[in-house]
Amino acid sequence: MELKDILAKCDHTLLGQAATWADIKAICDDGMKYKTASVCIPASFVKQAKEYVGDKLAICTVIGFPNGYNTKEVKVFETKNIRMFSFFYPEGTSAREHTAAVMARLEIMLEIAEKNGINLCHENEARIFGETPDDCRYLMEYFGGRLKSVLDMGNFAFCKQNPLEGYAAVKNYIEYIHIKDANFDTTIVPAGAGQGKV
């Protein structure tokens, strides 16, 4: 296979948030010169780029990936779930010492989310109220199902918590699962290869 055959199957891509029309025009020129399959550019430049290249080059784009190429209004319209974490607590204290403050703040966040038809989905994480299976269970039960769970088995292992106990604590509230695996020594490993039991 020759280089021209390879290029004919490649997208020439520029999705940088700081891209200017001059940058886009330059990759369009390259795409036409090297006869790439297309140029992949932010949606905001598609019309101008198509007018510039005519039928000499295909133009492609991405919607909402990787840099969120949508307006705030479109993002809100598309959003059903927001993955979030509770709050870090000061060193030298325990999560449970801050229960009242955490629940009050989460209540405010839940009220705003519910007014906008959005589910808040809490992910277990180190050094927050929600690091241990017991704390995650407490959060879910306290809010009576209003707060959903993002189960991260890898984070439970990373925090030296039993991932299966973590699953049992939140299984009735899981909205989605973050596929990540880890070992108790805090190394992140491929899914299925760690003590996260993914």
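Data block above holds the structure.
First, a word on what this report is: a plain description of the structure on this page. (Residues numbered from 1 in each chain as written. Predicted model: local features only at pLDDT ≥ 70, side-chain atom pairs only at ≥ 80, totals over all residues. Heavy atoms only, no water.)

## A look at the overall build of the chain
In plain terms, the rule: Helix and strand definitions follow DSSP, with helices as H or I runs of at least four residues and strands as E runs of at least two, each counted in order from the N terminus. We compute the radius of gyration from the C-alpha atoms alone; for a globule the expected value is 2.2 Å times N to the 0.38, where N is the number of residues. Only the protein chains shown count as cover for residues, and the accessible areas themselves come from Shrake-Rupley with a 1.4 Å probe. Residues counted as positive are Lys and Arg, residues counted as negative are Asp and Glu, and His and the chain ends are not counted. To locate a charge, take atom NZ for lysine, CZ for arginine, CG for aspartate or CD for glutamate.
Of the regular secondary structure elements, the chain holds 8 helices and 9 strands. For 198 residues, the compact-globule estimate of 2.2 N^0.38 gives 16 Å, and the C-alpha radius of gyration of the chain, at 23 Å, exceeds that figure by more than 25%. Considered along the principal axes of its C-alpha atoms, the chain spans approximately 65 × 40 × 30 Å. Of the roughly 11,400 Å² of accessible surface on the chain, 56% is carried by carbon and sulfur atoms. For the chain, the centre of its 23 positive side-chain charges and the centre of its 26 negative side-chain charges are spaced 5 Å apart.

## A few points about unusual backbone geometry
Selection rule: Burial classification: accessible surface area is computed with a 1.4 Å probe over protein chains only, and a residue below 20% of its type maximum counts as buried, one above 50% as exposed, and the rest as partly exposed.
Of note in this structure, R127 is not a glycine but carries a positive phi near 65°. Inspection of the secondary structure assignment puts R127 in the loop between β5 (119–123) and α6 (133–142). Relative accessible area serves as the criterion here: at 30%, R127 is assigned to the partly exposed category. Unusually for a residue other than glycine, K160 sits at a positive phi of about 60°. As for its position among the elements, K160 is in the loop between α7 (153–158) and α8 (163–170). For K160, a relative accessible area of 54% gives the class exposed.

## Notes on α6
Heads up, the rule is: Directions drawn from the helix axis to the C-beta atoms are what define this arc.
For α6, the complete set of buried residues consists of P133, D135, C136, L139 and M140. Down the axis of α6, the buried set is contained in an arc of 165°. They therefore lie on one face. Where α6 terminates, the next one or two residues include G144, which has phi positive at roughly 55°.

## A closer look at a nonpolar patch on the surface
Rules: Only residues whose relative accessible area exceeds 30% and that form no salt bridge are eligible for patches; like-charged ones are grouped when within 9 Å, while nonpolar side chains (Val, Leu, Ile, Met, Phe, Trp, Tyr) are grouped when within 5 Å. When a carboxyl oxygen of Asp or Glu lies within 4 Å of a side-chain nitrogen of Lys or Arg, that pair is called a salt bridge.
On the surface, a cluster of nonpolar side chains totalling about 270 Å² of accessible area is made up of I177, I179 and V198. Counting through the fold element by element, V198 comes out in the segment after β9 (188–189). Note on V198: relative accessible area 39%, which makes it partly exposed.

## Some words on the environment of T13
The line we're drawing: For this analysis, residues touch if any pair of their heavy atoms sits within 4.5 Å.
Here T13 is to be found in strand β1 (residues 11–13). With a relative accessible area of 43%, T13 lands in the partly exposed category. In contact with T13, other than residues within four places in its own chain, are I27 and C40.

## Digging into the sheet that holds strand β3 (residues 58–60)
For clarity, the threshold we go by: When DSSP finds two or more bridges between a pair of strands, those strands are recorded as paired. A fitted line through C-alpha atoms serves as each axis, taken over the contacting stretch for helices, and the angle formed by two N-to-C directions is quoted from 0 to 180°.
Strand order in the open sheet formed by 3 strands is β1-β2-β3, and the pairing between neighbours is parallel. With partners counted over all chains shown, the strands left at the sheet margins are β1 and β3, one partner each. If you compare each strand with its neighbour and ignore which way they point, the axes differ by 25° on average. Sheet analysis places β1 next to strand β2 (residues 38–40), joined by 3 bridges and oriented parallel. Among the inter-strand pairings, D11 is bridged to a residue of β2, identified as S38.

## As for the sheet that holds strand β6 (residues 148–151)
Spatial ordering of the open sheet is given by β4-β5-β6-β7, a layout of 4 strands whose pairing is parallel. At either end of the open sheet lies a strand with only one pairing partner, and these are β4 (81–84) and β7 (174–177). Across this sheet, the average inter-strand angle for adjacent strands is 30°, counted without regard to direction. Pairing of β4 with β5 involves 4 bridges; the strand directions are parallel. Across the sheet, I82 pairs through a bridge with L120, a residue of β5.

Interpretation in functional terms is not warranted from these geometric data alone.
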